[in-house]
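Analysis of the macromolecular model
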Amino acid sequence: MRVDSSAPYNHARRLLDWYDVNARTLPWRSPPGTPPPDPYRVWLSEIMLQQTTVASVKGYFELFITRWPTVAALAAAEDADVMQAWAGLGYYARARNLLACARSVVADHGGRFPDTEAGLRKLPGIGPYTAAAVAAIAFGAHATVADGNVERVVARLYAVETPMPAAKPTLHALAAELTPTQRCGDYAQAMMDLGATICTPRSPDCPACPVAAGCAALKLQTPTRFPVKAAKVARPTRQGTIYWLRAGDTVLVTQRPPRGLLGGMRALPSDEWATVRPALAPPADATWQLLPGSVRHVFTHFELELVVMAATLNDGRSVALPAGATWVALAEIDRIGLPTVFAKAARHALAHLNTDRVDEKAA
DNA sequence: GAGTCGTGGTC
DNA sequence: TGACCAAGACT
């Protein structure tokens, strides 16, 4: 094996030797030194892994691969089926882009993924990181992968004092210098495994690190100080109302607008979520009851406090429904792909409206 | 460049 | 318990 011997302490060689022994076994991965996996599997896993933990992704990856074994099968899937299968994984724009990308690969590229960074970068949902990762891991291209793990490892190796995210261009340039010309896919995965298992954010295991001898942050005895982070901003609280409308054994379920927060997902009827609670009309003329307590949910950039109003209709067919709204059997409410915030609201409503079922759910 | 976009786990 | 964090992309 030939690697860049000019890098500090033969960085790439040490890292690849470590990876040969310590690589994690993952459903979308082939063992070190073996032929790369199907590009479809690499791409699917990389999309799912964006800002999402390995533990969360595993089940979804197996489910998707079993249900849609090829990019052509996924491209032919119904939008609603894919969105429902993605429910709970978060960042739902990824699911929309996943379908758009699969259909573009089939329609514009003969069913095969482009094998270069530039070609992959043009596809929906594939940014700089994912393009480099698929190019390197699936096609062995000489691409530099720079995700959060790599940024942390490099920031520590060089003790970069510039705060994030301003340091990103510097860190990516340093990462490119370290990248070897051989075994690029294994190297990319080795850097991410190192960041995920050794060079972790809070308690790095420096004695076990294969490149500790070349680490400036360790030499300074302050590895966790890097990467330096900018001052954080407070997260505002927004408020809203969920409308739990029963008719017989069914409840009214709506659909979110195609873009934006929770875009395209199934939902419960709700008003706008603003910093001041708005006074909007409920979705039906009925006797509404404010349920005691509230539901709290934290998003990336705001915290949401929901109250739930409940009403029961004698005949759901007598109501003019909003566009996209449907009646869903209560027994099905947990299986229709509700984002977690709405699943919480549904549990809240059920807990206050039916004491018997509270005991069943607790059992 | 700064905001937007989910969720579950950890300490 | 709350803040932080996880294989980013898009606008």
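Residues numbered from 1 in each chain as written. Chains lettered and ligands numbered in written order. Predicted model: local features only at pLDDT ≥ 70, side-chain atom pairs only at ≥ 80, totals over all residues. Heavy atoms only, no water.

**Focus on the domain arrangement of chain A**
Condition: Each domain's limits were defined by an automated method or a database of domain assignments. For this analysis, residues touch if any pair of their heavy atoms sits within 4.5 Å. Buried area is calculated as the accessible area (1.4 Å probe) missing from two parts once they are joined, with the contributions of both summed. Take a side-chain nitrogen of Lys or Arg and a carboxyl oxygen of Asp or Glu: if they are within 4 Å of each other, that pair is a salt bridge.
Each assigned domain of chain A is listed here: domain 1 (8–225) and domain 2 (237–362). The centre of domain 1, based on its C-alpha atoms, is set 37 Å off from the matching centre of domain 2. Facing 6 residues of domain 1, the contacting portion of domain 2 comprises 12 residues. Interface area for domain 1 against domain 2, summed over the two sides, is near 630 Å², with a carbon-plus-sulfur share of 56%. At the surface where domain 1 touches domain 2, the tally comes to 0 salt bridges.

**A look at helix α5 (residues 79–86)**
Heads up, the condition is: The buried label goes to any residue with under 20% of its type's maximum accessible area, the exposed label to any with over 50%, and the partly exposed label to all in between, with areas taken from a 1.4 Å probe on protein chains only. Numbering of helices and strands runs from the N terminus, with a helix taken as a DSSP run of H or I at least four residues long and a strand as a DSSP run of E at least two residues long. Each direction from the helix axis to a C-beta atom contributes to the arc, which is the arc of those directions.
For α5, the complete set of buried residues consists of Val82, Met83, Ala85 and Trp86. One side of α5 holds all its buried residues, which, seen down the axis, span an arc of 160 degrees. Where the residues of α5 are buried, they touch α2 (39–48), α3 (54–67), α4 (71–75) and α6 (93–108). Gly88 sits one or two positions beyond α5 and adopts a positive phi of about 100 degrees.

**Quick word on the packing of aromatic side chains**
Quick note on the threshold: Between rings of Phe, Tyr and Trp, where Trp is taken as its six-membered ring, a pair exists when centres lie within 6.5 Å; planes separated by under 30 degrees are stacked, by over 60 edge-to-face, and by other angles tilted.
This structure, assessed with the given rule, holds 9 aromatic pairs. Ring plane angle 75 degrees and centroid distance 5.3 Å describe the contact between Tyr243 and Trp288, whose orientation is recorded as edge-to-face. Of the two residues, Tyr243 sits in strand β1 (residues 237–247) while Trp288 sits in the loop between β3 (266–267) and β4 (289–290), which places them 45 residues apart along the sequence. Summarising the burial analysis for this pair, Tyr243 and Trp288 share the class buried.

**Side note on the layout of surface pockets**
For clarity, the threshold we go by: Put plainly, a pocket is an open set of points on a 1 Å grid over the protein atoms alone with protein on both sides within 12 Å along at least five of seven lines, a cavity is a set where a 1.4 Å probe fits but cannot get out, and a lining residue has an atom within 4 Å of a point. Grid points are joined across faces, edges and corners, and a volume is the space filled by probe spheres set on the points. Gly is put with the polar residues, along with every residue not named as nonpolar or charged; the nonpolar set is Ala, Val, Leu, Ile, Met, Phe, Trp, Tyr, Cys and Pro, and the charged set is Asp, Glu, Lys and Arg.
Of the pockets and cavities examined, the largest pocket occupies roughly 810 Å³. Considering the residues around the largest pocket, the lining is formed by 28 residues, among which Leu49, Gln51, Asp147, Gly148 and Asn149 are closest to the centre. By residue class, the composition of the lining of the largest pocket is 11 nonpolar, 9 polar and 8 charged.

**Points about the pairing of β1**
Just so we agree on the cut-off: Strand pairing is defined by DSSP finding a minimum of two bridges between the two strands.
Here β1 pairs with strand β6 (residues 303–313) via 11 bridges, running parallel. Paired with Ile242 across the strands is Val308, a residue of β6. Judged from the 2 bridges that link them, β1 and strand β2 (residues 250–255) form a sheet pairing that is antiparallel. The residue bridging Ala247 from the neighbouring strand is Thr250, located in β2.

**Re the protein's contact with DNA strand B**
This is how it is decided: Throughout, the term near means that a residue has one or more heavy atoms lying within 4 Å of the molecule or strand in question. Pairing of N or O atoms within 3.5 Å defines a polar contact, subject to two protein rules: one partner must be a possible hydrogen donor and the other a possible acceptor, and residues neighboring in sequence count only if both atoms are side-chain atoms.
Around DNA strand B, the surrounding shell holds 19 residues, and the nearest of these are Tyr91, Tyr92, Leu262, His301 and Thr340. For DNA strand B, a base nitrogen lies 3.1 Å from a polar atom in the side chain of Thr52. One nitrogen or oxygen atom from the main chain of Thr340 is found 2.7 Å from a phosphate oxygen belonging to DNA strand B. Breaking the surface near DNA strand B down by element, the ones donating at least two residues are β5 (295–298) and α13 (340–353).

**What about the packing of helix α8 (residues 128–139) against helix α11 (residues 184–197)?**
Relative placement of two packed helices is described by the angle separating their axes and the distance separating the axes. To keep it simple, the criterion reads: Angular values range over 0 to 180 degrees, each being the angle between N-to-C directions of two axes fitted as lines to C-alpha atoms, with helices fitted over their stretch in contact. Angle categories are assigned with fixed cut-offs, so that under 35 degrees is roughly parallel, over 145 is roughly antiparallel, 65 to 115 is roughly perpendicular, and the rest are oblique.
Where α8 meets α11, the axes come as close as 7 Å, and the angle between the chain directions of the two elements is 130 degrees. Taken together, the axis directions place α8 and α11 in an arrangement best described as oblique. Note on element contacts: α11 touches α8 through Cys184, Gly185, Gln189 and Met192, opposite Tyr129, Ala136 and Ile137. Residue classes in the contact of α8 with α11 are distributed as 5 nonpolar, 2 polar and no charged.

**Here's the deal with the nonpolar core**
Note the following rule: Nonpolar cores were defined as sets of buried Ala, Val, Leu, Ile, Met, Phe, Trp, Tyr and Cys residues, with membership established by side-chain atoms within 4.5 Å.
Counting 77 residues, the largest nonpolar core has Trp43 and Trp244 as its most contacted members. Sort the elements by how many residues they give to this core and α8 lands first, with 9 residues. Two domains share this core, each providing at least three of its residues, namely domain 1 (8–225) and domain 2 (237–362). The residues touching Trp244, leaving out its near neighbours within four places in the chain, are Val251, Leu268, Trp288, Val308, Met309, Ala310, Ala311, Leu330, Ala346, Ala349, Leu350 and Leu353. Counting 31 residues, the second largest nonpolar core, distinct from the first, contains Val150, Leu171, Leu174 and Cys215.

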